[in-house]
Every structure is written in structure tokens, then in C-alpha cells.
Amino acid sequence: MIRNASFFFRALSIAALFLPFQLTLSAQIFQPVKWKFSVKQLENSEYEINASATIEETWHVYALSVSDKPDAIGPIPTTLKVNASSDFELVGKTKEGKYITHFDPNFEMDLNYFEKTAVFKQRIKAKTDKPFSVSGVLEYMACNDERCIFPDPELFDLKINPNATGEEIIADEAPASSSNMSGGKENHANWSFAIKPVSEKEYTLSFTAAMEPEWHIYAQKLESNEGPVPTSFSFTKNIDFDLSAPINEPKPKRFYDKNFMMNIDYHEGTVVFETKVVATGSTISPIVVAIDFMQCNDTRCLPPQTIHVKFDPKTLQAMEFDPLANTQSTTPAGNDPFKMPGVDLNNPLNNCGQEKENYGLWAIFFFGLIGGLLALLTPCVFPMIPLTVAFFSKGSEKGKGKQRAVLYGFFIFMIYFLLSLPFHLSKNVDPEVLNTIATNTWLNIGFFVVFLVFAISFFGFYEITLPSGLANKVDSASDIGGVVGVFFMALTLAIVSFSCTGPILGTVIGSIYSTDIQGVVNFIGLELSMPAAKVSAAMMGFGIALGGPFALFAAFPGLLKKLPKAGGWMDDFKVSLGFMEVALAIKFLSNADLVEQWGIFKRESFFALWILVGVMWALYMFKIFTFKPGQGSKGWSKFKIAFTSLIVIFTLRLIPGVLPPSELNRFDFLSAFPPPKSYSWYHYEEESKIYKDLAEAMKAAEQEGKPIFIDFTGWACVNCRKMEDTVWPEETVRAILSDKYIMCSLYVDEKVDLPVEEQFVYTTGDGRKKMIKTVGNKWATLQTETFQNNSQPMYALLSPKGDLLAPIEQYSPDVKKYTDWLNCGLTAFESWKKP
């Protein structure tokens, strides 16, 4: 259980949460693995599909099985899936070359992986003498000692001519596909489908799963989402049919699962799911369904799978299909949709003379410092200051007590700094996917729950502590004399105070570790990889703030007299931290709602919840209620009066946030937190039209003779909201954007599917194949391929023909600097217009 918990917290450390801190760094896109797919002709109509990888130095790719332990939690293995076809059959399982086995301290087990080169092979046997294609997908994870990346799946489509001569048949650049059919992947559930007419307009759809002995799939509804993946059926929108009827299933079997600690409902043997659909008009089109399911036996589970089924009411046929099989690999050569020939990042029309500033990690250092100061005032730490200083001040040797107290404070700092070192060694940190993680719905909901857990702890209902046995052992070691004893005293404080410092430290790390940026950063003269450097900077600030006062008061004992005495004010402080945690939790839930566009937590809903938090906070401070008897201070000090007044004023200031648009609706001081004004109960009049499609924006720019302002943004991007609410409304910026530019905002995390005819498999600049399915896929690929950047916000100024007018700009809260950059683009545009 402890090992699983440690893995959970390692996983949480890379999750993306948002607070308004922006780092300046050089963006990087890592592509350390190059794949080549080919076919080798064997005997007896057999062929061998080869996937070979060339891996850069220091990087590695994992084997088909990353560990000898089938139920181990570890990195993602490589999988080679060959799509099913009537032209051939698979022969045996996928094989691989000789791999390296090495113990990984992060996962606490031996891992199997390849370095420099890797080869995966799958045999097939042809059933036809005519030429045919073999398509499929290879998925993998690549890591080095600093980071891991999860690249887009490698899609392949190989042409095979049984009558050809020659040993090797190389892959054609033909349309590729990537289905979730069983193909070359382990599978123990065989599905079949049928459509039967009930009346002229009513049909019954059936989905039959036949499981191998000892294997099962799960029911559609389970007791909790914390367990295995339930079977689900998702219908593609179809205006010709009413698809609202439920999917019926037989009564599942039930057993209590000790691993998930819940009752599990499942199906084994053969199970039939059925539903009815009704035609709503005279025309009928095929019905498309995606089935998600998970297969398990008593010892292990396979990863969740998705299969796609098409029911044709006209022919009464049903078949499993590959949704990407008929897509085009790319547009015609010379007309790449994601590479704008007029954009030369090294040679914009006007260089603008800009130089990048480097201050990012210092902001995070001070953020950690603030967190440490907050932890210092908690009931677990504050009373220890006079006790500890008094203990060291009674040292028998002159000067020794003061020296050891200073050393004690230094060791507290060192302990928290040392806690950041594993983040530099971990292979689980992937700077390239932080933006994807940051917009992940379930991770945002997960952190909403985590912050609520922290809040309830601060309210006094329970304490989050480390094991008491660990604290006792460390406390015993502190009896050792000299420097070693002082170190263990510092370690004892860190452990016993964890119930107060843990939630604050978790908030600090979670918040600063979540920004959607990646690459390397310069800090105190060192080139450090992101995001591990952020954790070290925050830990250093936290440790200095927590350990510094012990050294300070030991050097100047007279300052102790000026400290407030421990008492009920500490309860008030701790509960106040709890209300802050609730407010942050609401922000993460709002992120999930924004990405999914549920429409539940719109801008006004967000403010309404924060107002409720503020009201409850004020009522607690007035002692209208407490969370437990005797909690908090009883009198009214000057500081408490001022602090409570601040809470009331802040809460009252939020009230315009739920009212119709007005000048009071501007919240510059909170711009990073609430949803954008466009996500509102009310209709906010835009001072200038903002296009959401680049083609439309370029057409408008050509008609009006204006340059284009492109904003690569995201629904859950904190710094994007800050720019929109604090920089864009400034008079100088607003006037330029509304009068001089055509504005276009492109959301890279937009989950809306593109029309089917616009979905395709795109071949990237380095030869990889990537599925363009959603609007977000489209704009994210454009940003990566043309602008070589994948962080938001990112701004570009283009001519109506797509020429880059000025260097690209990112988060820039300096209004003057941003205005100068916009004017630089206008100057370049005037030059561009001249013959």
C-alpha cells in the first residue's frame, strides 16, 4: 500500500495545476526516436512486419513487457498493433530484439528497455495472391535520465505484392490507419454485432461479447469511478435517429474486490448488450458506435480498449471498422496545411530589437518563500521557535548553542532542498506533455478533490501525518550529540510538523509544477531542465522561510520578546488556509468544466462560489460558527479586525462578478482565476471581432487590408486569461488590437471534433504520422509545425498573405513592452505593403 501511495504522489507531481506564475525559457520539442517500417518476405506466403527504431544517445524505449511482474505499475510498454484484414492472418505474437534489464529506483523494480536501436517484428500469412496493404500503429514511451515523452502513435501502411521479387519491401507513404481493433494486441473478448428491424422506423442493435474462459468484462455501471473501467457505448451524433434509449444488459455477477475495496459487477462467458433506435425522418444513415471496455482475469487486467462499429439500416449489416482507414495522409505536396511558407522565425520582417528576460525561477523561489512563511505561522511550527532557541541558548560551551541553532536552521533548509533532488532524477517528468496534462479533465477533478482534502484537514477534522514510527526513530536519533544530532533534530521538526506543512508544501509544488511550459531555463547561471528546476526553486524558498527564523532568533534572542504568543490566533490562521484551499479547489474544477465546455461553472458561477467561501470565512472570523468547540481566538486584536475587514471587503468586491456586464466586472487582480468573459451567463459585447478560424481571419485581413494578430490560447490557460483581462483592455493595447489588427484566437485544447471530411492523418516535418481529429489537434499542430513552439499563450503577427511581421511573443504582462511589439508589427506591415 505504501509503495502504491508513493507512486501516486510521484504521479501527482507531474500533474498540471494552474496559478499565475509564468517562467521565461527556451521552448523545446523532443524527438529522440526515429522509426522505420518495412516488410520482409519469408516462405509459405508468410511475411515479417519490421518496426525498427534509431534512438538518440541517453534515451531509451521500453520493451513489449517493461517488467517481469505482470501486475507492476511502471512505464508504458511498446505495443505494435496490426489492423485486422481478410487478406492475411497473424502468425504468433509480436517479437522483439534483445533488450537491457536494469533496476530503476523510481519504480523500485527491474525494467526492460532498448538503447540506440530497437526492433519489433510481427509475422503474417497472406490469404490472397493479389497485392494488399498491412496497416497498423506503434505506440511507445521514450525516456532519458531527466524526462519522459509520450509521442504521437506511429502509423504505418505497407504495400505487399506477393508476386514481387526481392527480399525487402519498403513501406509506401500511403494512407495510414490506427484502429483499436485487437490486431496484434492481446485480446480475450470476441465481439459480434447485428441490426434487426422491429418496425418500419425502429431497429434493434445488439453487441455480443464472447469471453475466453476465466476472463471477464465489466458492467456499464459500477459502484465507484475509482475502480476498473466499465463497459460503455458512445454513439456518434446522427440527426436521422433518436439514439437516447438506454443500452440494456443482462444482470451482471458481483464479487468484492480487495484491490479496489468495492463490489465489482462483471460479465463472463457470452453477454449481449441491446438497444433500440428510432428513425426520425425519411432519410437514414449508418449508425456509428464506439465501445470502450476492459478485460481482466483473476491475476491481471489488459489496458482499456476501444472498438468502432457501424450499423447500416439499409442493408441490415453491422461491422467493426477502423475510423481512420479512409482518411488521407496529408494534403497534396506543396500545400501543407500546417506549414506557413511565409513564416521564417529567424527572419521576421521587423526584428523589433527584443531581448528575452530571464526571471522565471526567481518568481517561483519567492512563491516558495511565501509558502514557507505561511507554514511558519501554523500551530505545528510557530510554538517551536522559542522552545528551540531557548534549548540551544543554554549550550554549555560559549557560542556553541548559537552556532548549533544556526546550523539547525540551515539543516531545515537543506532537508527541503534535498527533497527536490528526486525530481531531477525521475524518468516520469515529461515537459512536452504538460499542456496536455494541464487540460486533462480527470486530473483537474482529481486535484479539486486533493485540495478539498487539504482544506478539511486545516478545518480541524483530521490531521495528515507521516507514520508515527518514522517520527519516533528520527527523534531517537536526535539524541546523538554534535552536528549529526542537530541534523536529526531538524529532521524531527520536518516530520512532526508535516500535518501543517504538508498541505501547504503540496499546494506550492502542485501549483508551480503545473504551468504549461517546457524546455530549459537559466537559474543562477545554470542551465536546468524544466520542470524539475521549478521544484528545486520552490523548495529552496520554502526551506529558507521555514528554517531562517530559527537561526535569526538564535543570533538575536531579544527578538523573541516581539513575537506574538501562541494561542487561538493560530487556529484562525489554519482555518483561513483551509478556506484558501477551497477557493483553489474551485479553480481546478472550473478548469475541467472549461475544457469540456459543460457550461456548469461559468464565470458568474465561479464568482458565486467564491463569494460563498468568503461569506463562510467571514462568519467564522466573527465566530458565528466554528468547526469544533473552543476553536480560534476569542478577543479582537487590531490585526484580527484588519484581517477580517479585508475578507469582508474582498467578498463584497466579488459581488459584481455575478451581475450583468459593467465597469465593475473588471477583476484585474484576479484575472488568472475566473473563466474568460466569453464563458458567461450574459453576453459580453466584444469591442472587436475575434475570429476562431485562421482561414476566416486571413480572408477578413485581405478584405480590410489589415495585419493579423494570432493568439494561440487554451481554455484552461491561466496566463492567457491574465493577458486577456489585464493587458488587452489597456487603452493603448485595446485601441491597436481593435482598430489596426484582425484578431484570431486559436484554442489548442478545444475538444470539439472536426467534421469527418476534415479529419485526416498528417505526416509531420520529421516523418511521424499524427491523427488530426479535433479542433485543438489542428491548431496545436499548426503552432508546433510552423512556429516550433507548443506553449500558451503565444502571439504572432502576420500579413494577410501569411508573412511573419515580427518575432513571436509569449506571456508579457508589461503593457508598454506589449504595445511596442504591436507597433513594431504595424511598422513591418507598412513596409510589407510597399512594392
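Each residue is numbered by its place in its chain's sequence as written, counting from 1. Note on the predicted model: pLDDT of at least 70 is required for a residue's local features to be given, and 80 or more for side-chain atom pairs to be given and counted; whole-chain, interface and lining totals, by contrast, use all residues. For the side-chain quantities, the full set of heavy atoms in the structure was used; hydrogens and water were omitted.

A.B. asks: Requested: an account of the overall build of the protein, with residues and values cited.
C.D. replies: Runs of E in the DSSP output that reach at least two residues are strands. Runs of H or I that reach at least four are helices, and both are numbered from the N terminus. For the protein, the helix and strand inventory stands at 19 helices and 33 strands. When the 835 residues of the protein are sorted by exposure, 50% land in the buried category. Throughout, a residue-residue contact means that at least one pair of heavy atoms, one from each residue, lies within 4.5 Å. Contacts spanning at least 24 positions in sequence make up 74% of the contacts within the protein whose residues lie at least 6 apart. Accessible surface area values rest on a Shrake-Rupley calculation with a 1.4 Å probe, where residue burial reflects the displayed protein chains alone. As displayed, the protein has an accessible area near 39,200 Å², and 58% of this comes from carbon and sulfur atoms. Buried residues are those whose accessible area, probed at 1.4 Å on protein chains only, stays under 20% of the maximum for their type, while exposed residues exceed 50% and partly exposed ones sit between those limits.

A.B. asks: How would you summarise the nonpolar core if you had to cite specific residues and measurements?
C.D. replies: Generally speaking, soluble globular proteins have nonpolar side chains that are buried together. We call a set of buried Ala, Val, Leu, Ile, Met, Phe, Trp, Tyr and Cys residues a nonpolar core when their side-chain atoms join them within 4.5 Å. Counting residues in each nonpolar core, the largest one holds 30 residues, and the members touching the most others are Phe451, Phe459, Phe579, Val582, Ile586, Phe588 and Trp610. Elements represented by at least two residues in this core include exactly helix H7 (441–458), helix H12 (568–596), helix H13 (603–621) and helix H14 (638–654). When residues no more than four places from it in sequence are discounted, the contact partners of valine 582 are Leu452, Ala455, Phe459 and Val613. With 29 residues, the next largest nonpolar core counts Val33, Trp59, Ala118 and Val134 among its residues.

A.B. asks: Help me get a handle on helix H19 (residues 815–833), residues and values and all.
C.D. replies: Look at H19: 27 Å from first C-alpha to last across 19 residues, which is about the 27 Å you get at 1.5 Å a residue. Here a polar contact is recorded for every N or O atom pair within 3.5 Å, except that within protein the pair must consist of a potential hydrogen donor and a potential acceptor, and residues adjacent in sequence are included only if both atoms are side-chain atoms. Taking the backbone nitrogen of lysine 816 as reference, a side-chain oxygen 3.1 Å away marks aspartate 814 as the first, capping residue of H19. The span one expects for a helix is its residue count, reduced by one, times 1.5 Å.

A.B. asks: Hey, could you go over the pattern of salt bridges for me, with residue numbers and the actual values?
C.D. replies: Here, a salt bridge means any Lys or Arg side-chain nitrogen found within 4 Å of an Asp or Glu carboxyl oxygen. Taken as a whole and assessed by the stated rule, the structure comprises 15 salt bridges. For lysine 253, the salt bridge identified is with glutamate 268, shortest N-O distance 2.4 Å. With lysine 253 in strand E19 (residues 253–257) and glutamate 268 in strand E20 (residues 262–268), this residue pair connects regions lying 15 residues apart in the sequence. Using a relative accessible area of 43% as the deciding quantity, one classes lysine 253 as partly exposed. A salt bridge links arginine 734 to glutamate 731, with the nearest nitrogen and oxygen atoms 2.6 Å apart. Of this pair, arginine 734 and glutamate 731 both sit in helix H17 (residues 731–740), 3 residues apart, which is roughly one turn of that helix.

A.B. asks: Please provide a residue-by-residue account of the sheet that holds strand E24 (residues 305–312), values included.
C.D. replies: A pair of strands is treated as paired once DSSP finds two or more bridges between them. Spatial strand order, E17-E22-E24-E25: 4 strands in an open sheet with antiparallel pairing. Edge positions in the open sheet fall to strand E17 (232–235) and strand E25 (317–321), since each of these has one partner strand only. The average undirected angle you get between the axes of adjacent strands in this sheet is 25°. Note: strand E22 (residues 287–293) against E24, 7 bridges, orientation antiparallel. When the sheet's bridge partners are listed, phenylalanine 293 is paired in E24 with glutamine 305. A fitted line through C-alpha atoms represents every axis, and for helices the fit uses only the stretch in contact; the resulting angles, taken between N-to-C directions, go from 0 to 180 degrees.

A.B. asks: Could you give an account of the packing of H17 against H19, naming the residues involved and the relevant values?
C.D. replies: For any two helices packed against each other, one specifies the crossing angle of their axes together with the interaxial distance. Remark: H17 packs on H19, axes separated minimally by 9 Å, with the N-to-C direction vectors making an angle of 25°. Classified by the angle between their axes, H17 and H19 sit roughly parallel to one another. For the pair H17 and H19, the crossing hand works out as left-handed. From H17, Thr732, Val733, Ile736, Leu737 and Lys740 reach across to H19, where they touch Val815, Tyr818, Thr819, Leu822, Asn823 and Leu826. All amino acids are sorted into three groups, where Ala, Val, Leu, Ile, Met, Phe, Trp, Tyr, Cys and Pro are nonpolar, Asp, Glu, Lys and Arg are charged, and the leftover types, Gly among them, are polar. The residue inventory of the contact of H17 with H19, partitioned by class, reads 7 nonpolar, 3 polar and 1 charged. Any angle that is under 35 degrees is reported as roughly parallel, and any over 145 degrees as roughly antiparallel; angles of 65 to 115 degrees are reported as roughly perpendicular and all others as oblique. Helix crossings fall into two classes, left-handed where the near helix is turned counterclockwise from the far one by less than a right angle and right-handed where it is turned clockwise.

A.B. asks: An account of unusual backbone geometry is needed here, citing residue identities and associated values.
C.D. replies: The backbone phi angle of lysine 116 is positive, close to 70°, even though this residue is not glycine. As for its position among the elements, lysine 116 is in the loop between strand E7 (109–115) and strand E8 (117–126). The class for lysine 116 is exposed, based on a relative accessible area of 52%. We note that glutamate 214 has phi near 75°; this positive angle belongs to a residue other than glycine. By the secondary structure assignment, glutamate 214 is in the loop between strand E15 (202–211) and strand E16 (216–218).

A.B. asks: Please provide a residue-by-residue account of the packing of aromatic side chains, values included.
C.D. replies: Here the aromatic set is Phe, Tyr and Trp, taking the six-membered ring for Trp, and pairing holds for ring centres within 6.5 Å; pairs whose planes are under 30 degrees apart are stacked, those over 60 apart are edge-to-face, and all others are tilted. Here the structure, examined in full by the defined rule, presents 46 aromatic pairs. Seen in terms of ring centroids, tryptophan 35 and phenylalanine 120 are 6.1 Å apart; in terms of plane orientation they differ by 35°. Their pairing is tilted. Separated by 85 residues along the polypeptide, tryptophan 35 in strand E1 (residues 33–41) and phenylalanine 120 in strand E8 bring together distant segments of the chain. Just as tryptophan 35 is buried, phenylalanine 120 falls in that class too.

A.B. asks: With reference to specific residues and values, describe the environment of tryptophan 610.
C.D. replies: Counting through the fold element by element, tryptophan 610 comes out in helix H13. For the pair tryptophan 610 and valine 582, spaced 28 residues apart in sequence, the C-alpha to C-alpha distance is 8.8 Å. Separated by 3.1 Å, the side chain of tryptophan 610 and the backbone oxygen of alanine 583 make a polar contact.

A.B. asks: Could you give an account of the state of the cysteines, with specific residues and numbers?
C.D. replies: One covalent bond between the sulfur atoms of two cysteine residues makes up a disulfide. We call a pair of cysteine sulfur atoms a disulfide whenever their separation is within 2.5 Å. Tallied over the entire structure, the rule returns 1 disulfide. The side chain of cysteine 352 participates in a disulfide bridge whose partner is cysteine 824; the two sulfur atoms lie 1.7 Å from each other. With the S-S bond torsion at -90°, the cross-link from cysteine 352 to cysteine 824 turns out left-handed. Separated by 472 residues along the polypeptide, cysteine 352 in the loop between E25 and helix H2 (360–376) and cysteine 824 in helix H19 bring together distant segments of the chain. A residue is classified by how much of its surface remains accessible, and cysteine 352, at 25% relative accessible area, is partly exposed. With relative accessibility at 8%, the residue cysteine 824 sits in the buried group.

A.B. asks: So what's going on with a nonpolar patch on the surface? Which residues, and what values?
C.D. replies: A cluster of nonpolar residues, Leu612, Val615, Met616, Leu619, Phe622, Ile624, Trp636 and Ile641, forms a patch on the protein surface that exposes about 730 Å² of accessible area. Considering every element that reaches the nonpolar patch, the biggest residue donor is H13, with 4 residues. Position of valine 615 relative to the elements: it lies in helix H13. You can call valine 615 partly exposed: its relative accessible area is 38%. Like-charged residues are merged into a patch within 9 Å and nonpolar side chains (Val, Leu, Ile, Met, Phe, Trp, Tyr) within 5 Å, provided each residue has over 30% relative accessible area and no salt bridge.

A.B. asks: Account for the sheet that holds strand E21 (residues 270–279), naming residues and giving values.
C.D. replies: Spatial ordering of the open sheet is given by E14-E15-E21-E18, a layout of 4 strands whose pairing is antiparallel. The two strands at the open ends of the sheet, each matched to only one other strand, are strand E14 (189–197) and strand E18 (241–242). Pairing of E14 with E15 involves 9 bridges; the strand directions are antiparallel. When the sheet's bridge partners are listed, asparagine 190 is paired in E15 with alanine 210.

A.B. asks: Any details on the side chain of serine 745? Residues and values, ideally.
C.D. replies: Within the secondary structure, serine 745 sits in strand E30 (residues 742–747). Taking relative accessible area as the criterion, serine 745 reaches 5% and is therefore assigned buried. A distance of 2.9 Å separates the side chain of serine 745 from the side chain of aspartate 711, its partner in a polar contact. For serine 745, the contacting residues outside a window of four places in its chain are Ile690, Tyr691, Lys692, Asp711, Thr713 and Trp728.

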